[in-house]
Amino acid sequence: MTMENFVFQNCTKIIFGKDTEKNVGNEVVNYGRNVLLHYGGGSIKKSGLYDTIIKSLKESGVNIAELGGVQANPRLKLVKEGIRLCRESNIDFILAVGGGSVIDSAKAISIGVSYDGDVWDFYTGKAVINEALPVGVVLTIPAAGSESSPASVINKEEGNLKRDCGSNLIRPKFAILNPELTYTLPDYQTICGAADIMAHGLERYFTQTKDVGFTDRLLEAVLKTMIQTVPLVLESPENYDLRAEIMWAGTVVHNDLLGTGRIEDWASHMIEHELSGLYDVAHGAGLAVVFPAWMKYVYKENLQRFVQYAVRVWGVENDFQNPERTALEGIKRTKDFFSSIGLPTTLAELEIPDDKLEEMAEKCTANGPVGNFKSLFKEDVLNIYKLAR
Ligand code: NZQ
Ligand code: ZN
């Protein structure tokens, strides 16, 4: 397989830089008059961002309804509350102020408002997205890339399910990215976000598609930027330039440009979603545990790609006599890096016991095998969970 045909159309307007959130109202009025302001558990009130947003919205003359309280790993129950509120208040635009969880919750509300059935139908494949209210974003954590992605990931309380759905119709209309808004992130959220950004690169890097050297190089740029920048930002959380690098990398790696022409993998994300579905762990922390285990399990499927990764991303010396050693060193450095910035890399560190590994493997593969680098069946996924213990 060489480079695949593709269509790339990302219509999210990116507004990047200092003070950009102060003019959010000017963007909102392009799409609606009755706005739902959607946010999380309170960080935006503590930081003062909430007041800035309200001021700008008021100045632009829109009507404001509010729904806060989005939890990390956003819940279906609040989505349904949002849908009710939108119908009652005739909402025509949703402004998500926060991270991936808030944005994904906003996207879920946006597709549920005009749908007569249960909004969860979109997440099981029972319904297809044909209509959505427009959504805009003020991003406060670089991580999920949801600010310009076509996906939404929601947790359903019954059954502890975490599932996603997607459509170009739910790509945000605009995303305001001010790196200063990320200064208040606790270190743990910074590193979890970093793991997610890197994982979005890795899911695309590990492909069986040949001759995609240009996007290989772009992905390597993201990974190397993160490897260089994250340790520094932990030392200097209020360094604008470091925060800016991470924020832009996080958007670009997941806006679909870097997946053009190549078949992406996504097994590690599916395997992780069972962890954050069942145990409510941060998505990025789950990925730091799953990815190195996945790598160990699949590297022989395309040894040369793992050698390239080790050499170009981690600067491992290429052992031509023993390519396997080079590949394994790249995997080791990935895991060591995650540990070095403070992430968990084993299920034990996440305090996840062994007793539900089989159940998670079953749920993960309920609709068939996962992943494209290597198709993984239930036994494979179980083996990966075991490798991650
Ligand atoms: O709720 P608040 O109080 O705002 O606190 C949040 C939350 O506790 C806090 N936070 C965010 N910005 C902050 C801040 N604290 C201080 N200062 C700030 N500036 O950070 C915590 C985590 O927020 P969350 O939105 O959950 O983080 P993230 O952006 O990592 O989103 C994770 C969700 O996105 C999904 C994940 O599965 C997970 O549910 N994903 C969505 C994707 C997509 N739609 O394209 C792709 C990803 O692969 C991912 O699956
Ligand atoms: Zn992710």
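Conventions adopted
Residues numbered from 1 in each chain as written. Chains lettered and ligands numbered in written order. Predicted model: local features only at pLDDT ≥ 70, side-chain atom pairs only at ≥ 80, totals over all residues. Heavy atoms only, no water. Donors = N, O, S within 2.8 Å, 3.2 Å for Na, K, Ca; no water. Helix = DSSP H or I, 4+ residues; strand = E, 2+ residues; numbered from the N terminus. Buried < 20%, exposed > 50% of the residue type's maximum accessible area, 1.4 Å probe, protein only. Near = heavy atom within 4 Å. Polar contact = N/O pair within 3.5 Å; in protein donor to acceptor, adjacent residues only side chain to side chain. Areas by Shrake-Rupley, 256 points an atom, 1.4 Å probe, with all protein chains shown as cover. Nonpolar A, V, L, I, M, F, W, Y, C, P; charged D, E, K, R; others polar. Salt bridge = Lys/Arg side-chain N within 4 Å of Asp/Glu carboxyl O. Axes fitted to C-alpha atoms, helices over the stretch in contact; angles between N-to-C directions. Parallel < 35°, antiparallel > 145°, perpendicular 65-115°, else oblique. Left-handed = near helix turned anticlockwise from the far one by under 90°. Contact = heavy atoms within 4.5 Å. Expected span 1.5 Å × (residues − 1). Pairing = 2+ DSSP bridges. Core = buried A, V, L, I, M, F, W, Y, C linked by side-chain atoms within 4.5 Å.

S.K.: Looking at this structure, I do not really get the coordination of the zinc ion (ligand 2). What am I missing?
M.R.: As a benchmark, a tetrahedral metal site with four donors has ideal angles of 109.5 degrees, while an octahedral site with six donors has ideal angles of 90 or 180 degrees. Protein ligation of the zinc ion (ligand 2) involves Asp196 (OD), His200 (NE2), His269 (NE2) and His283 (NE2), the donor distances falling in the range 2.0 to 2.2 Å. In primary-sequence terms, the residues that donate to the zinc ion (ligand 2) follow D-x3-H-x68-H-x13-H. Here His200 is found in helix α7 (residues 187-205), whereas its partner His283 is found in helix α11 (residues 283-298), with 83 residues between them in sequence. The pair His200 / His283 is uniform in exposure class, with both members buried.

S.K.: Explain the site of ligand 1 here, please?
M.R.: Around ligand 1, a shell composed of 31 residues is seen, among which Gly41, Ser43, Gly100, Ser101 and Ser149 lie nearest. Between an oxygen atom of ligand 1 and a main-chain N or O atom of Gly100, the distance comes to 2.7 Å. With respect to ligand 1, the side chain of Ser101 contributes an N or O atom lying 2.6 Å from an oxygen atom. When the free accessible area of ligand 1 is taken as 960 Å², the share hidden by the protein chains comes to 87%. Looking at the shell around ligand 1, the elements with two or more residues in it are α5 (100-112), β6 (151-156), α7 and α10 (267-278). In the shell around ligand 1, the residues fall into 10 nonpolar, 18 polar and three charged.

S.K.: Hey, could you run me through the pattern of salt bridges in this one?
M.R.: Working definition: two side chains of opposite charge can pair if their charged atoms are close together. One pass over the structure, following the stated rule, counts 21 salt bridges. Measuring nitrogen to oxygen at the nearest pair gives 3.0 Å for the salt bridge that ties Arg305 to Asp216. Here Arg305, found in helix α12 (residues 303-314), pairs with Asp216, found in helix α8 (residues 213-235); they are 89 residues apart in sequence, far enough to count as distant. As far as the burial class goes, Arg305 and Asp216 line up, both buried. In this structure, the salt-bridge partner of Lys378 is Glu358, at a minimum N-O distance of 2.9 Å. Here Lys378, found in helix α15 (residues 378-387), pairs with Glu358, found in helix α14 (residues 357-364); they are 20 residues apart in sequence, far enough to count as distant. Since its relative accessible area comes to 44%, Glu358 is described here as partly exposed. Beyond isolated ion pairs, a larger network of salt bridges with shared partners links Arg171, Arg204, Asp256 and Glu264.

S.K.: It is not clear to me how the packing of α7 against α11 should be interpreted in this structure. Could you clarify?
M.R.: When two helices pack together, you describe them by how their axes are tilted relative to each other and by the distance separating the axes. Closest axis-to-axis distance for the α7/α11 pair is 7 Å, and the angle between their directions is 40°. By the angle between their axes, α7 is oblique relative to α11. Here the hand of the crossing between α7 and α11 comes out left-handed. Between α7 and α11, the residues in contact are Tyr188, Cys192, Ala195, Asp196, Ala199, His200, Leu202 and Glu203 and His283, Gly284, Ala285, Leu287, Ala288, Phe291 and Met295, respectively. A class-by-class count of the residues in the contact of α7 with α11 yields 10 nonpolar, three polar and two charged.

S.K.: Honestly, helix α13 (residues 323-340) in this entry has me stumped. Any pointers?
M.R.: Note that an α-helix has 3.6 residues per turn; residues three or four places apart therefore point the same way. Counted at 1.5 Å a residue, the expected span for α13 with its 18 residues is 26 Å, and the 25 Å between its end C-alpha atoms agrees. Backbone geometry just after α13 places Gly342 at a positive phi near 105°.

S.K.: Looking at this model, I keep getting lost on the sheet that holds strand β4 (residues 93-98). Mind explaining?
M.R.: Neighbouring strands of a sheet are bound in pairs by backbone hydrogen bonds; such pairs are parallel or else antiparallel. Read across the open sheet, the six strands follow the order β1-β8-β5-β4-β2-β3; overall the sheet is parallel. A strand with exactly one partner marks an edge of an open sheet, and here the two such strands are β1 (13-16) and β3 (63-67). Across the sheet, the mean angle separating the axes of adjacent strands is 20° when strand polarity is ignored. Where strand β2 (residues 34-39) meets β3, five bridges bridge the pair, whose relative direction is parallel. Residue pairing in the sheet places His38 in a bridge with Leu67 of β3. Sheet strands in contact with helix α3 (residues 49-59) are β2, β3, β4 and β5 (135-139), and its direction is about 155° off that of β3. Across the face of the sheet, α5 comes into contact with β2, β3, β4 and β5 while running at roughly 165° to β4.

S.K.: Help me understand the nonpolar core in this model?
M.R.: Generally speaking, a soluble globular protein has its nonpolar side chains buried in company with each other. Of all hydrophobic cores here, the largest spans 67 residues; its most connected members are Phe206, Met226, Trp294, Met295, Phe306, Tyr309 and Leu376. Considering each element in turn, this core owes the most residues, 10 residues, to α11. In this structure, Met226 is in contact with Ala194, Ile197, Met198, Pro231, Ile246, Ala249 and Phe337, ignoring residues within four places of it in sequence. Among the nonpolar cores identified, the runner-up in size contains 36 residues, and Val70, Ala108, Val113 and Met247 belong to it.

Spatial relationships are all this shows, so hold off on functional conclusions.
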